[in-house]
Every structure is written in C-alpha cells, then in structure tokens.
Amino acid sequence: MKPNLNVYLRVSNFHPMPEKNLRTEVMLTLEKKVQSYLDDYLIPPEKIWQPSDYLPNPQSDTFMSEVEEIREIAKDLGDDFWITLVGDMVTEEALPTYESWLMDVVGVDQHGQEGDNGWARWVRMWTAEENRHGDVLNKYIYLSGRVNMKEVEISTQHLIADGFDIGTARDPYRNFVYTSFQELATYVSHNNVSKIARKAGLKELAKMCKIMPEMK
Ligand SMILES: [Fe+2]
C-alpha cells in the first residue's frame, strides 16, 4: 500500500528523530539522580551568600559613610568599567528569560504525573540562586552614583520582553554545549571586573564578582 505522505509527515513531527530519542533517554535516566544531587550538594539559602553580605547595611550607623566611600572611589573608574559592569548586570537580570528557556528543554518537565520532575526542580533552585547575581550588582551600581539607572532599567525591560533565540531549540545536548561556553565567558568577564575593582579599592565589588561565577 502506498503510504500517505501527508499523514507520515504530520505524524513524524510528533516523534523526535532517533538520536533525539537517545538524548531524551539520557535526560530521563539522569533525572532519577537529580533530586539526590540537590539534597547532597545544594547549599541552603540560610547558609549561602546573599546580596546583603556584600553591600553596606542600611540598618547600620556606618551606612552613609560606606556609601560615600564607594561613591568617591567610583568616580576614579572610567566609563568602560561601568559599561562592562552594566552589561554584566543586565545579562544577569534577564533571568526570567533563562528560566522559561530551560523549563522548555526536552527532559525537563514541570507538568508530570507527580508534578515537577528532578530537572524542573533543579531549574527552579538554580533560578533562585542565580537571582542573587543581578540583585547584588544592581544595588551596588545604584549606590555608586555613576550610572543613569532609569536608562538601564528600560534596557532590562526591553531585553526580557524581547526574549532570545540561541539556536539550540529544545535539544538538551545543544543547550549544554551552549551553556558550557556561555558560563566560561561569564566567568572571564566577572573575573576581569573583579581584578579592576580590587585594584581600585572596591573590595566588596571585587569579592562579589569573584564569587558569582563560582556557582556557590
Ligand atoms: Fe549569574
């Protein structure tokens, strides 16, 4: 019997290619272990660093003098430094884009029979940790007095509204390859900012930019 090509094409769209089936299988095999990795290695929110650890404490009597010191040193750093820092901050603040993208990767499932699968829980916990990065950078840049915050806020809103397409579709392997290079690039950028900040005397900024890409 001659196959009905139209039906075949329509049905084949619903079935991933063989190699993609293998990728799904690998993701679902690893999924069984993800919860135990989260339990064993994730540092709880009360123990991991929080943005407040690197910022002047607004409840302290020394808050104003600490902010004044930051503002004085910040004046000596060039525009290129602040532009880089704003770029790093805006990239961190587009976190809603990254969470919605990761939730859509094959093998990540937040609507399973038992609710979230391990990968979906990992994505949520990663997002919760990651949220500290844009938060701490935003507050520090705000206190520095060197940046037009309203323009930055408009850029961030545009960035999140536009979304992004990194060309990996929902393929977990391609997404892992992408994130491996992207995390390295983030590390290099934050690390270079950290070195310049340390040299200038912005110790807390140096520390936060050093610790941020270290996944802790
Ligand atoms: Fe980050």
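Residues numbered from 1 in each chain as written. Predicted model: local features only at pLDDT ≥ 70, side-chain atom pairs only at ≥ 80, totals over all residues. Heavy atoms only, no water.

J.: Would you mind showing me how to read the side chain of Asn 175 here?
T.: Looking at where Asn 175 falls in the secondary structure, it is placed in helix α8 (residues 172-200). Judged by its relative accessible area of 3%, Asn 175 is buried. Within the structure, Asn 175 has its side chain in polar contact with the backbone oxygen of Asp 171 (distance 2.7 Å). Beyond its immediate stretch of four places on either side in the chain, Asn 175 contacts Trp 101, Val 105, Ile 166, Thr 168, Ala 169 and Arg 170. (Helix = DSSP H or I, 4+ residues; strand = E, 2+ residues; numbered from the N terminus. Buried < 20%, exposed > 50% of the residue type's maximum accessible area, 1.4 Å probe, protein only. Polar contact = N/O pair within 3.5 Å; in protein donor to acceptor, adjacent residues only side chain to side chain. Contact = heavy atoms within 4.5 Å.)

J.: Before we go on, may I ask you to explain a nonpolar patch on the surface in this structure?
T.: Residues Leu 22, Val 26, Leu 30, Tyr 173 and Phe 176 make up a contiguous nonpolar surface patch of roughly 420 Å² in combined accessible area. Elements with a minimum of two residues in the nonpolar patch: α2 (18-41) and α8. Top contributing element to the nonpolar patch by residue count: α2, with three residues. One can find Leu 22 in helix α2. (Patch = residues over 30% accessible without salt bridge, like charges linked within 9 Å, V, L, I, M, F, W, Y side chains within 5 Å. Areas by Shrake-Rupley, 256 points an atom, 1.4 Å probe, with all protein chains shown as cover. Salt bridge = Lys/Arg side-chain N within 4 Å of Asp/Glu carboxyl O.)

J.: Which parts of the structure should I look at to understand helix α4 (residues 79-93)?
T.: What sets the pattern is the α-helix's 3.6 residues per turn: residues three or four places apart point alike. For α4, spanning 15 residues, the distance from its first C-alpha to its last is 21 Å, which sits close to the expected 21 Å at 1.5 Å a residue. Within the sequence span of α4, burial applies to Phe 81, Trp 82, Leu 85, Val 86, Asp 88, Met 89, Val 90 and Glu 92. Where the residues of α4 are buried, they touch α3 (63-76), α5 (95-103), α6 (118-144), α7 (149-162), α8 and α9 (203-211). (Expected span 1.5 Å × (residues − 1).)

J.: Hey, could you run me through the coordination of the iron ion in this one?
T.: Under ideal tetrahedral coordination, the four donors around a metal are separated by 109.5 degrees; under ideal octahedral coordination, the six donors are separated by 90 or 180 degrees. Here the iron ion is held by Glu 92 (OE), Glu 92 (OE), Glu 130 (OE) and His 133 (ND1), and the distances to it run 1.8 to 2.8 Å. Here the iron ion binds four donor atoms, and the angle range of 50 to 135 degrees at the metal identifies the geometry as irregular. Within one chain, the residues serving as donors to the iron ion are arranged as E-x37-E-x2-H. Here His 133 and Glu 130 lie together in helix α6, a separation of three residues that amounts to about one turn. Using a relative accessible area of 11% as the deciding quantity, one classes Glu 130 as buried. (Donors = N, O, S within 2.8 Å, 3.2 Å for Na, K, Ca; no water. Tetrahedral: all angles 85-135°; square planar, octahedral: opposite > 155°, others 65-115°.)

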